[in-house]
Amino acid sequence: MLDLRLYMAQRISALIMIPLTLGHIAMMIYAVQGGLSAGEILARTQGSLAWMLFYGSFVAAVSVHAAIGLRVILFESFKIKETILNALSWTVFLGLLYMGARAVYAVTAL
Amino acid sequence: MMSDMSKLERHDTDILILGTGGAGLFAALHAQKAAPDKKITIAVKGLIGKCGCTRMVQGGYNVALGRGDSVERHFMDTIKGGKWLPDQDMAWKLCKTAVERVRELENEVGCFFDRNVDGSLHQKAFAGQTFDRTVHKGDLTGIEIISRLMEQVLARPLEKLQEHRAISLIPARDGSGLAGVLFIDMRSGGFRFVRAKTVLMATGGGPTMYKFHTPSGDKTMDGLAMALRAGLPLRDMEMVQFHPTGLLAGEDTKMTGTVLEEGLRGAGGQLLNGHGHRFMFDLDEKGERATRDVVSRGIYDEMRKNNTSENGGVYISMGHLGPDTVRQKFKGMVKRCADSGFDLAAGKVEVVPTAHYFMGGVVVDPDTHTALPGLYVAGEDAGGAHGSNRLGGNGVANSTVYGGVAGDIMGADVQSMTVLRDPDETILRSEVERACHPLGKKPANIQMLRKALQDVMWDDVGVLRTGPGIERGLSRVTEIGAELMELGVAGENLAFNLSWHDWLNLRSLVEISEVIAKAALSRENSRGAHYREDFPESGEIESSYFTVARQSDGETKVTREAVRFTIVKPGETVLKDGEPESLVEAAQ
Amino acid sequence: MSNIRDMPNGQTMEVRVWRSDGEGGRFEGFDVPQRESQTILDVVSWIQQNADSTLSYRFACRVGMCGSCAMMVNGQPRWTCRTHVKKVLKNNRLTVEPLRNLPVIKDLVADMDPFFDKWVKAEGVFHPSKTRADAIEAISSEHPMRVEADRAIECINCAVCYAACDVVEANPDYLGPAALNRAWTLMNDERDAGHDVRLDAVSQKGGCHNCHSQQSCVRFCPNELNPTASIAGLKRETAKSFFRRRD
Amino acid sequence: MIRPHRSHPLWYAFLLHRVSGLALVLFLPLHFYVLAFALTQPERLDGFLRWTDYTIVKLAEFGLVFLLAIHIFGGLRLLALEFLPWSPRQKTLAASAVAASFLVSGTFFLQAV
Ligand SMILES: Cc1cc2nc3c(=O)[nH]c(=O)nc-3n(C[C@H](O)[C@H](O)[C@H](O)COP(=O)(O)OP(=O)(O)OC[C@H]3O[C@@H](n4cnc5c(N)ncnc54)[C@H](O)[C@@H]3O)c2cc1C
Ligand code: HEM
Ligand code: SF4
Ligand code: F3S
Ligand code: FES
């Protein structure tokens, strides 16, 4: 169940993620050559403000995007009432944001 | 059975409108504007805006918009097209008001008609007119007009009674006029009586008692049958217009009879009989491009002579124009034929003349008043505006113009009406019983009877008529009517009981067929759509008459009344001095 | 029946028809003779006229203009008056049901009121800016807005698209493809004075933003219209207004 | 199982987009959870990444990247449909989105093995 504002939030977050996810995939294709190690990843990312911003904005965008996406699916498939739906959407949003922020912090903080 | 009158639902309103074609919808909009504080109810046999013929208009809307054209010219074309039989005041009002109506359709209702590149309205040629004045939206003009009207009506707080079939006009107990209308609520199968101060009947005629016919399935002459029983005079009842090219796809499909557009012949389509002979040039130097009535008679004659195609008609052939050209120019028609399994672009398609429009109708004045106070009639149900022949493009113009007029007049009249008239309960009861008649009989299949009626009307009161033929037809129609009264309908469940409505449809058709036949007997000359092989001359124009049919004590009698030339006399014109007869030829 | 002209081989087909008085319902089977020229509407009529006089269905024009005969044929929404049997007959069987996503009145008759209520709710109604006293506005047939409106104008409000769309099924408030398609034609009408109310109307909870571009509407529209493109147009316009109205 | 009114390519494209989106929502918290080990238990992250050497896990990873790619390219298709002028080649676009997804995830897979 989307109105204009949710729609805009979902589309704008998708637009933001396009370069980020494509960049991330390209990164991974490059990085997986010869296997991944924690050391390699962390060496690249830790202490880098650029990477923090890169992944930070992804986390912010994806939390919005996925929460709204899930909201639509839940509504259309299970006809959940609006109040519950709002609560669920916020929970998903905040949950993803919290977990994502922790992960970004973990890999990019010094 | 429902003679139990306590089950009859009762309902009051100020303005009641029957039908949602161009006339009904326009009346609703105008009535609401003229009397915003009054209760307005629309009742219709189908869904609002989704039934009736206005939606099926292909060609377009005649209107004089200047650029050399004038209301006077449109009027003269209408009078001449109607072979001097039209009521001239009605024809004049039609032509004059059409100008305002088209502006209203564009500016207020939201229709968008085709434009030229310079932004002006595109007007196309339609047969029988001295100026190319037909405004249109592609070849789906009716869909544009009705869809836009329908939206406007749906958006307004009017009372809507959908799938309510009017079955009877109930007079007031004190004889002062019309009390209201009796309906069957088709969805529940129950009866409903609606009292109203003013009632517009706009149920749109519809000559579907012919074997081949174009109108929509809901149109079965219910309105004229109700008016006849209410004792109202009906005029020009012999005037049935046939369209020369209806699709012929056999008896078992409803596609048979539907219109293949006029433009096909205009563009060079050839009519071939069963032997492949192009017969129209034997009859008229214009060949296939001769007027509707001439071509219809030509084809009908081939059919009588058995020079027919596989299913008993003739062929229209377009292939010589190049299949791709045809496909591009007549996209809708080619697709429609293809859906039915025919290749119009490259092959031959079977066609027959098909009953298209009914010029006859209730006698009204130019303000849509009838002889019964409280009853107004507009659109195809009203007689007079077209005389013996309706010009292509004057049909929608007529229904929209007079629907709007009726709305204005009812809105004004209702202001001074303080009370509802009480119905004659005896008549109300007997009308309910009348509709219940088949429910008490043994169920039977009435399709054979409908087919029999359609064959009789086609053979004996059709495109070409003779006195003895019509007499034979008339007695056969009477027999069919009697047989119908013996056939029953299973009545356990009356909700959406189509078989019951088929029966009622047939009864209306039988009743009006009888009147058509009687009027056709009465007219002993050939004018417009009415052609008597035993009286092929048109008769003296100066002493033209029209027929009037009236029923009293169950007996219908037809009389003749002299046409009054109130605006222009035969041999004269209202065109200004020196104006050319036709601006079409002048341009060619 | 003596007037039945069967196919030369006298072939019949097996037709399963949905019977219901509005609640619940069941299929009933009929053997119907096959004909050379025969539409689904002809099949349904044949059953009512020859096999079971109590069968209810709806039609008016019989040539694809009124949009009142649509039904589900073998699970797909179609205008029945212009669907030739040959086109859809599989293994000599047909299934006919009332149009999906609408309440059933009886048997094959759907209640179309919700469809039209949404048409009005989407502001699929012209808002005049002039009166009958004014001249008709000159608008070139080649004007880009007009061309855009023309692409979507030939809708017969048959609700075939409405029955095809899963979002309509899932979200009772969703205005649906036809209403939104009409709203878009009006957004391209220079004469219309209701652009702002209409943008608001299609931006509500049941508005255009719920469309997931499934395009079943396009797939089944008998008039080859493209509601998806129209809805995308509305999404664009509303998105623009989202920024515009914030300043 | 797929009802008749849904049996056309663009409806499948919708389904694919929805399923991939849903799968990503389910996977993403897991992904975040694992990465957060870097902060708390770096050795477990390493252990996890080593675990990714197994073929089954490789395939799963491929699936994941494929889903992400499907969703991204599908999403691009939708954004183009919604915000760019209408293209009549919707089916081609949908097919291209799927093809691009295979290409990207295939490349990833080949690099990874
Ligand atoms: C195929 C076709 C093409 C045509 N093309 C043209 C053209 O190009 N140009 C032109 O000018 N004219 C054309 N006409 C003629 C034109 O359509 C009619 O003249 C005109 O539309 C009649 O309008 P109306 O409002 O009187 O009736 P309709 O539009 O027919 O409406 C009648 C209404 O009354 C309802 N009704 C009927 N019986 C009852 C009842 N018992 N109770 C309640 N409601 C009832 C019907 O359901 C319907 O809603 C064409 C007609 C046909 C059939
Ligand atoms: C570049 C990246 C992405 C783009 C361009 C994108 C685009 C889109 C678009 C346009 C929609 C709307 C679909 C519709 O309304 O029909 C959508 C829905 C959705 N997205 Fe994404 N998305 C991206 C990344 C993600 C990610 C990373 C996730 C998950 C964590 C995700 C989860 C979802 C979900 C669950 C939906 C709802 C699906 C539905 O309604 O059918 N998206 N996405
Ligand atoms: S858009 Fe097409 S399918 Fe939908 S109502 Fe209009 S004509 Fe019917
Ligand atoms: S089918 Fe429904 S989801 Fe959108 S594209 Fe058509 S309205
Ligand atoms: S009966 Fe009118 S569209 Fe089929």
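Calculation rules
Residues numbered from 1 in each chain as written. Chains lettered and ligands numbered in written order. Predicted model: local features only at pLDDT ≥ 70, side-chain atom pairs only at ≥ 80, totals over all residues. Heavy atoms only, no water. Helix = DSSP H or I, 4+ residues; strand = E, 2+ residues; numbered from the N terminus. Buried < 20%, exposed > 50% of the residue type's maximum accessible area, 1.4 Å probe, protein only. Contact = heavy atoms within 4.5 Å. Areas by Shrake-Rupley, 256 points an atom, 1.4 Å probe, with all protein chains shown as cover. Lys, Arg positive; Asp, Glu negative; His and termini not counted. Charge placed at Lys NZ, Arg CZ, Asp CG, Glu CD. Buried area = accessible area lost by both parts, 1.4 Å probe. Salt bridge = Lys/Arg side-chain N within 4 Å of Asp/Glu carboxyl O. Polar contact = N/O pair within 3.5 Å; in protein donor to acceptor, adjacent residues only side chain to side chain. Nonpolar A, V, L, I, M, F, W, Y, C, P; charged D, E, K, R; others polar. Pairing = 2+ DSSP bridges. Axes fitted to C-alpha atoms, helices over the stretch in contact; angles between N-to-C directions. Near = heavy atom within 4 Å. pLDDT = per-residue confidence, 0-100. Donors = N, O, S within 2.8 Å, 3.2 Å for Na, K, Ca; no water. Tetrahedral: all angles 85-135°; square planar, octahedral: opposite > 155°, others 65-115°.

Moving on to the overall build of chain C. Per the secondary structure count, chain C includes 10 helices and seven strands. Projecting the C-alpha coordinates of chain C onto the three principal axes gives extents of approximately 70 × 40 × 30 Å. A buried classification covers 62% of the 247 residues belonging to chain C. The contacts of chain C with a sequence gap of at least 6 include a subset with a gap of at least 24, amounting to 65%. With an accessible surface of roughly 8,900 Å², chain C has 48% of that area assigned to carbon and sulfur atoms. Averaging the positions of the 32 positive and the 32 negative side-chain charges in chain C gives two centres separated by 2 Å.

Before going further, it helps to examine the interface of chain D and chain C. On the side of chain C, 22 residues touch chain D, which itself brings 18 residues to the contact. In total, about 1,600 Å² of surface goes out of reach between chain D and chain C, with carbon and sulfur atoms giving 52% of it. When the buried surface of chain D facing chain C is broken down by residue, His5, Glu82 and Trp86 of chain D rank first, second and third, together holding 35% of it. Linking chain D to chain C there are four salt bridges. The salt bridge partner of Arg3 of chain D is Glu169 of chain C, with a shortest N-O separation of 3.7 Å. Across the chain D-chain C interface, the total number found is 10 residue pairs in polar contact (both at pLDDT 80 or more). Those elements giving two or more residues to the side of chain D that touches chain C turn out to be α1 (9–35) and α4 (55–83) of chain D. At five residues, the largest contribution of residues to the side of chain D that touches chain C is made by α4 of chain D. Class assignment of the residues belonging to the side of chain D that touches chain C gives a composition of nine nonpolar, four polar and five charged.

To continue, consider the interface of chain B and chain C. Taken together, the contact between chain B and chain C spans 75 residues of the former and 71 residues of the latter. Buried area between chain B and chain C, summed over both chains or domains, comes out near 6,000 Å², and the portion from carbon and sulfur atoms is 52%. When the area that chain B buries against chain C is broken down by residue, the three leading residues are Lys50, Asn107 and Lys254 of chain B, summing to 13%. Residue Arg58 of chain C is joined to Glu163 of chain B by a salt bridge in which the shortest nitrogen-to-oxygen separation is 2.6 Å. On inspection of chain B and its partner chain C, the count reaches 48 residue pairs in polar contact (both at pLDDT 80 or more). Among the secondary structure elements, those contributing two or more residues to the side of chain B that touches chain C are α1 (22–34), α3 (88–109), α4 (141–154), α9 (331–339), α12 (447–460) and α14 (498–522) of chain B. In the side of chain B that touches chain C, the residues fall into 24 nonpolar, 26 polar and 25 charged.

This part covers the sheet that holds strand β15 (residues 361–362) of chain B. Residue and element names in this part refer to chain B. Ordered by their spatial adjacency, four strands build an open sheet running β15-β10-β17-β18, and the pairing between neighbours is antiparallel. Each having just a single partner strand, β15 and β18 (555–562) make up the two edges of the open sheet. Running at roughly 40° to β18, α14 makes contact with β10 (234–235), β17 (545–552) and β18 of the sheet.

Glancing now at the sheet that holds strand β13 (residues 314–317) of chain B. Residue and element names in this part refer to chain B. An order of β11-β14-β13-β12 is seen for the four strands of this open sheet, with the pairing classed as antiparallel. Pairing within the sheet leaves two strands with one partner each, and these edge strands are β11 (240–247) and β12 (270–272). Taken over all neighbouring pairs, the strand axes of this sheet differ in orientation by 40° on average, direction set aside. Of the pairings in the sheet, the one linking β12 to β13 comprises three bridges and is antiparallel in character. Its bridge partner being in β13, Leu272 is matched across the sheet by Tyr315.

We now examine the site of ligand 1. Residue and element names in this part refer to chain B. For ligand 1, the set of nearby residues contains 38 residues, the closest of which are Cys53, Thr54, Asp218, Tyr357 and Gly395. Contact between ligand 1 and Gly60: a nitrogen atom at 2.9 Å from a main-chain N or O atom of the residue. Take Gly393: an N or O atom from its main chain is 3.3 Å from an oxygen atom of ligand 1. Relative to its free-state accessible area of 1,000 Å², ligand 1 is covered by the protein chains to the extent of 98%. Mapped onto the shell around ligand 1, the elements with two or more residues apiece are α1, β7 (164–171), β14 (348–358) and α10 (394–413). At four residues, the largest contribution of residues to the shell around ligand 1 is made by α10.

All residues in the neighbourhood of ligand 3 are listed as Cys155, Ile156, Asn157, Cys158, Ala159, Val160, Cys161, Ala178, Cys221, Pro222 and Asn223 of chain C. In the shell around ligand 3, the residues fall into nine nonpolar, two polar and no charged.

Looking at chain A as a whole, its pLDDT mean stands at 89, while 92% of the residues score no less than 70. Confidence, expressed as mean pLDDT per element, reaches its minimum in chain A at helix α2 (residues 38–45) of chain A with 75 and its maximum at helix α3 (residues 49–78) of chain A with 94.

Attention now goes to the coordination of the iron atom of ligand 2. The coordination sphere of the iron atom of ligand 2 contains the protein donors His65 of chain A (NE2) and His71 of chain D (NE2), at a distance range of 1.9 to 2.0 Å. Taken together, the six donor atoms surrounding the iron atom of ligand 2 define angles of 85 to 179° at the centre, an arrangement classified as octahedral. With His65 of chain A in helix α3 and His71 of chain D in helix α4, this pair bridges two chains. With respect to burial, His65 of chain A and His71 of chain D carry one shared label: buried.

Opposite charge on two side chains permits pairing when their charged atoms draw close. Here the structure, examined in full by the defined rule, presents 77 salt bridges over all chains. The partner of Asp339 of chain B in a salt bridge is Arg82 of chain C, with the nearest N and O atoms 2.9 Å apart. Of this pair, Asp339 of chain B sits in helix α9 while Arg82 of chain C sits in the loop between β4 (76–79) and α2 (85–88), placing the two residues on different chains. Arg82 of chain C carries the same exposure label as Asp339 of chain B, and that label is buried. Its salt-bridge partner being Asp534 of chain B, residue Arg532 of chain B comes within 2.8 Å of it at the nearest N-O pair. Since its relative accessible area comes to 33%, Asp534 of chain B is described here as partly exposed. Salt bridges sharing partners connect three or more residues here, namely Lys33, Glu100, Arg101, Glu104 and Glu108 of chain B together with Arg132 of chain C.

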